[in-house]
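Here is how the chains run, residue by residue.
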Amino acid sequence: MKRIMLFLATNLAVMVVFSIVLNIIYATTGIQSGSLSGLLVMAVLFGFGGSLISLMMSKKMALRSINGEIITEPRNANEHWLLETVTRQAKQAGIGMPDVAIYDAAEMNAFATGAKRDAALIAVSTGLLAQMTRDEAEAVVAHEINHVANGDMITMALMQGVVNTFVIFLSRIIANAVSGFTSNDEEGEGEGEGGSFMTYFIVSMALEMLFGFLASFLTMWFSRQREFKADSGAAKLVGKEKMIAALERLKTSQETQLEGSMMAFGITGKKTMMELLMSHPPLQNRINALRNL
């Protein structure tokens, strides 16, 4: 989940900056009111630009957010085992050796990120290494290796670029119509073009937030499908039983700590709207999918 949340948070921050810039362009050139094709080009450039910048920044942002340290020379048995495991699995999966980082956290967690399959980052928490057996930890690493091998971060970035483009385009089409509709009233009251722009700015930003929220249902659905795919790939790499055991360990631990509430890797209980906004499927669903392989 950390991998997706960091990417989306960075994408949102970049998109807010781009949206303000795009509104300034509208105020100074009027391109959006005069040319749909011009608006579409801007939406594509800014939409994919925000997503790709987020992807390029993902490794640095991830390391900074977790205060992680890349392992260059193993200092203990856990680091030596982790580096050897990633090296072996990366070779089996046919990808370049990722950077391997370890970070101090009590939670059992690991994630992969990066813009390139052959230059990714895999980060593992100290809590995972301490609380899981070697077989379970090996399965979690294999899951992250498969995210890299499947190009999930790149695919997510491209999908987010498409989503950003439509969000920008539709919000500004509607905002332009609303500002045009109200401009006559504003001119009659002496507010003129400045009032029209403020209407456009407020409406476009509000619609971006609304459309962005609605689009997140699609991106989170896609993320959940990639989790099933990574589980399946890990099962092929290290064995189905190891992957199931790792998920069972996570499920038991999280149910003990947060019984009946939203989990870091999924949600227990009945399906809710919040579950549709989760980047990971419920753990029991993932376990059932592996058992049915």
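To keep things clear, this report deals only with the structure shown in the data block. All figures in this text were calculated on a predicted structure; none of them were measured in a lab.

Remarks on helix α6 (residues 134-149)
1) Next: Helix length check: α6, at 16 residues, gives a terminal C-alpha distance of 22 Å against a target of 22 Å (1.5 Å per residue), a fit within 8%.
2) Next: With its phi angle positive at about 65°, Gly151 sits one or two positions after the end of α6.

A closer look at the sheet that holds strand β4 (residues 121-125)
1) Next: Overall, mixed pairing links the 4 strands, which are arranged β1-β2-β4-β3 in an open sheet. Only two strands of the sheet have a single neighbouring strand rather than two, namely β1 (69-70) and β3 (110-113).
2) Next: Judged from the 5 bridges that link them, strand β2 (residues 99-103) and β4 form a sheet pairing that is parallel. Bridge pairing in β4 places Val100 opposite Ile122.
3) Next: Most of the contacts of α6 go to β3, to which it runs at about 15°, and overall it touches β3 and β4.

Quick word on the pairing of β4
1) Next: Of all 5 residues in β4, 5 are buried; the element is thus mostly enclosed.
2) Next: Here β4 shows two buried faces, one formed by Leu121, Ala123 and Ser125 and the other by Ile122 and Val124.
3) Next: When β3 meets β4, the two strands line up antiparallel, connected through 4 bridges. Counterpart to Phe111 in the pairing with β4 is Ala123.

Things to note about the pairing of β2
The side chains of a regular strand alternate between both faces of the sheet.
1) Next: For β2, the buried fraction is high: 4 of the 5 residues fall into the buried class.
2) Next: Two elements, β1 and β2, share 2 bridges in a ladder whose sense is antiparallel. Across the sheet, Ile70 pairs through a bridge with Ala101, a residue of β2.

Quick word on the pattern of salt bridges
1) Next: All chains considered together, the criterion is met by 12 salt bridges.
2) Next: Residue Arg75 is joined to Glu79 by a salt bridge in which the shortest nitrogen-to-oxygen separation is 2.5 Å.
3) Next: The exposure class assigned to Arg75 is exposed, which follows from its relative accessible area of 54%.
4) Next: The salt bridge involving Lys242 is made with Asp135; its shortest N-O contact spans 3.7 Å. Residue Lys242 is located in helix α9 (residues 240-258), and its partner Asp135 is located in helix α6; the two are separated by 107 residues in the primary sequence.

About the cut-offs
- Residues numbered from 1 in each chain as written.
- Predicted model: local features only at pLDDT ≥ 70, side-chain atom pairs only at ≥ 80, totals over all residues.
- Heavy atoms only, no water.
- Helix = DSSP H or I, 4+ residues; strand = E, 2+ residues; numbered from the N terminus.
- Expected span 1.5 Å × (residues − 1).
- Pairing = 2+ DSSP bridges.
- Contact = heavy atoms within 4.5 Å.
- Axes fitted to C-alpha atoms, helices over the stretch in contact; angles between N-to-C directions.
- Buried < 20%, exposed > 50% of the residue type's maximum accessible area, 1.4 Å probe, protein only.
- Salt bridge = Lys/Arg side-chain N within 4 Å of Asp/Glu carboxyl O.

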